[in-house]
Amino acid sequence: MNKLLPALTLAFVAQITLAQGQPNYDESEVPELELTDLLTFNGKKVSTPKDWNENRRPELYRFFEQHEYGQVPGVLDSISFNRVESDDKALNGTALRKQVVVSLFKNDKSLSFTILMYLPKNASAVPIFLGYNFYGNHTVTEDPNVIISKAWARNNKAFDISDNTLTENSRGVRTSRWSIQKMIDSGFGFATIYYGEIDPDKNDLTDGIHQLFYQQDQQHPKPNEWGSISAWAFGLSRALDYLETDKDIDASKVIAFGHSRLGKVSLWAAASDQRFAGAISNDSGCGGAALSKRKFGETVGRINTSFPHWFSDNFKKYNNKEEDLPVDQHGLLALIAPRPLYVASAEDDQWADPKGEFLSTYYATPVYDLFDKKGIPSDKMPEIHRPIHHTIGYHIRSGKHDVTDYDWSQYIAWAKAQIEK
Ligand code: GTR
């Protein structure tokens, strides 16, 4: 029986591959791009920021909300914040550490998550990067005082995570992805949350934040309602609710950051909640910065098959039908205008379609132009390690799907310049 399992798994994978076709990595096979003009509304040219904000932007937003990420089905009854720990001698005395539990209440149910923060010592009202981590707050630093989450976690042999439980064994395993000291030394704060505390990342929407909003006996969101990405974005906004109450932070300077699936989240969070000062998408790929109509690497059909819980059920209408999308992901980026936006790619991360991520920034640029903000001036991709730091930032670095110190050096330098403007 056991011997049969690998064969069955293989057959299953083969079935998915056949149904979706092999991913395309050949530029000559990319369909000619027919992208919707972002600056046309009711057949007329959008020529003022007012026209954009009042007419075209809401129309575009509605598409992404109703047909891609899914709508949040209501408002919370209440929210509370509880600082459970702090220390002003963290990171060798350079930083103030705080851990704050945020509790969300709805329909007599509740859910809590913990924000871990490091802030430059003795600074007040600092700008801050806010982003989710994949395996718990205790993985982003060696600091022994970071509380270990009790939420469900994906097993990971390399990180010694088993029984879907986080332990001391995984403390500090993801430090390479977070240049925390560099942020502190540059005058930025850093805040992170374990994404599994908002919604465990598995194809099951009966747990996490979704169930707080269900009507009796409901087990699954309606077709136009939130999948996990929208739920995680909602969680980032609730963290921002807390940051607005903390005098050590300048809540008008909170930049949403995310890598990969969590980069899809930072983009959708900044599009949905205009209190975010800006957004950074690191290797976010399909359903993030990358243009879907290029069908390069991961496609809409593939992502909705591998991760059926990430998007709204409505988005599945576009499986293998990207050409039917009324707007592509450049429209998502444009929803962040005129605020600073940074998209980054990695050369060996072809699955995420670096060129599609780049072109998306280029095609979002006319909306930034409308606000006299500098976007991406040419559709020719910059060379490796030749970052563009305009209001829209972009770089492609060498290497694989990851977040590196090089990426953070760019984000920090760019954010500093944007914020001081
Ligand atoms: C992949 C997925 C990508 C990206 C990535 C990640 O398996 O296909 O869209 O989100 O996971 O989040 O690491």
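Shown above is the structure to which this text applies.
Residues numbered from 1 in each chain as written. Predicted model: local features only at pLDDT ≥ 70, side-chain atom pairs only at ≥ 80, totals over all residues. Heavy atoms only, no water.

A few points about the overall build of the protein chain
Assigned secondary structure in the protein chain consists of 10 helices and 12 strands. Relative to the compact-globule value of 22 Å for 421 residues, the protein chain shows a C-alpha radius of gyration of 21 Å, a close match. Reported as C-alpha extents along the three principal axes, the dimensions of the protein chain are approximately 65 × 55 × 45 Å. Here the protein chain holds 421 residues, and the buried ones make up 57% of them. (Helix = DSSP H or I, 4+ residues; strand = E, 2+ residues; numbered from the N terminus. Rg over C-alpha atoms; globule rule 2.2 N^0.38 Å. Buried < 20%, exposed > 50% of the residue type's maximum accessible area, 1.4 Å probe, protein only.)

Overview of unusual backbone geometry
Residue P338 is reached from A337 by a cis peptide bond, and omega for that bond is 0°. Looking at the element boundaries, P338 is found in the loop between α8 (329-334) and β10 (341-346). One non-glycine residue, N42, lies in the positive phi region at around 50°. By the secondary structure assignment, N42 is in the loop between β1 (40-41) and β2 (44-45). You can call N42 exposed: its relative accessible area is 66%. One non-glycine residue, L91, adopts positive backbone phi at about 45°. Mapped onto the secondary structure, L91 falls in helix α3 (residues 90-93).

Remarks on the site of the ligand
Taken together, S260, R261, K264, E298, I303, F307, W310, W351 and H401 form the complete shell of residues around the ligand. One nitrogen or oxygen atom from the side chain of R261 is found 2.5 Å from an oxygen atom belonging to the ligand. Contacts to the ligand include W351, whose side-chain N or O atom sits 2.9 Å from an oxygen atom. Burial of the ligand by the surrounding chains reaches 80%, relative to a free accessible area of 310 Å². Along the lines of polarity and charge, the residues of the shell around the ligand split into four nonpolar, two polar and three charged. (Near = heavy atom within 4 Å. Polar contact = N/O pair within 3.5 Å; in protein donor to acceptor, adjacent residues only side chain to side chain. Areas by Shrake-Rupley, 256 points an atom, 1.4 Å probe, with all protein chains shown as cover. Nonpolar A, V, L, I, M, F, W, Y, C, P; charged D, E, K, R; others polar.)

A few points about the environment of H67
If you trace the backbone, H67 turns up in helix α2 (residues 49-69). A residue is classified by how much of its surface remains accessible, and H67, at 25% relative accessible area, is partly exposed. The spatial distance from the C-alpha of H67 to the C-alpha of N82 is 36 Å, given a sequence separation of 15 residues. For H67, the residues in contact, after removing those within four places along its chain, are R62, S312, N314, F315, K317 and Y318. (Contact = heavy atoms within 4.5 Å.)

Section: the sheet that holds strand β4 (residues 95-106)
A sheet is described by the order of its strands in space; here 10 strands give the open sequence β3-β4-β5-β7-β6-β8-β9-β10-β12-β11, paired in mixed fashion. Both edges of this open sheet fall to β3 (78-89) and β11 (388-389), since each of them pairs with a single strand only. (Pairing = 2+ DSSP bridges.)

Some details on helix α10 (residues 405-420)
The end-to-end C-alpha distance of α10, which contains 16 residues, comes to 22 Å, matching closely the 22 Å that a straight helix rising 1.5 Å per residue would cover. If you check which residues of α10 are buried, you get D407, W408, Q410, Y411, I412, W414, A415 and Q418. (Expected span 1.5 Å × (residues − 1).)

Some points on empty space enclosed by the protein
In total, this model carries three cavities of 30 Å³ or more according to the counting rule given. One number sums up the size of the largest cavity: a volume of about 70 Å³. What lines the largest cavity is simply Y132, N133, F134, Y135, T139, R174, R177, W178, H259 and V403. Of the residues in the lining of the largest cavity, the class split is five nonpolar, three polar and two charged. If you add up the space inside the second largest cavity, you get close to 60 Å³. The wall of the second largest cavity is formed by 14 residues, among which C286, L291, S292, F296 and E298 lie closest to the centre. Of the residues in the lining of the second largest cavity, the class split is seven nonpolar, three polar and four charged. (1 Å grid on protein atoms, 1.4 Å probe; cavity = no way out; pocket = protein on both sides within 12 Å on 5 of 7 lines; lining within 4 Å. Points joined across faces, edges and corners; volume = space filled by probe spheres on them.)

Brief notes about the packing of aromatic side chains
Counted according to the given criterion, the structure contains 30 aromatic pairs. Here the aromatic rings of F129 and W408 are separated by 5.2 Å at their centres, their planes lie at 75°, and the arrangement is edge-to-face. Taken together, the residues F129 in strand β6 (residues 126-133) and W408 in helix α10 connect sequence positions 279 residues apart. Accessibility assignment for this pair places F129 and W408 in one class, buried. Consider the rings of W178 and F257, whose centres lie 5.5 Å apart with planes at 70°: the pair is edge-to-face. (Phe/Tyr/Trp six-rings, centres within 6.5 Å; stacked < 30°, edge-to-face > 60°.)

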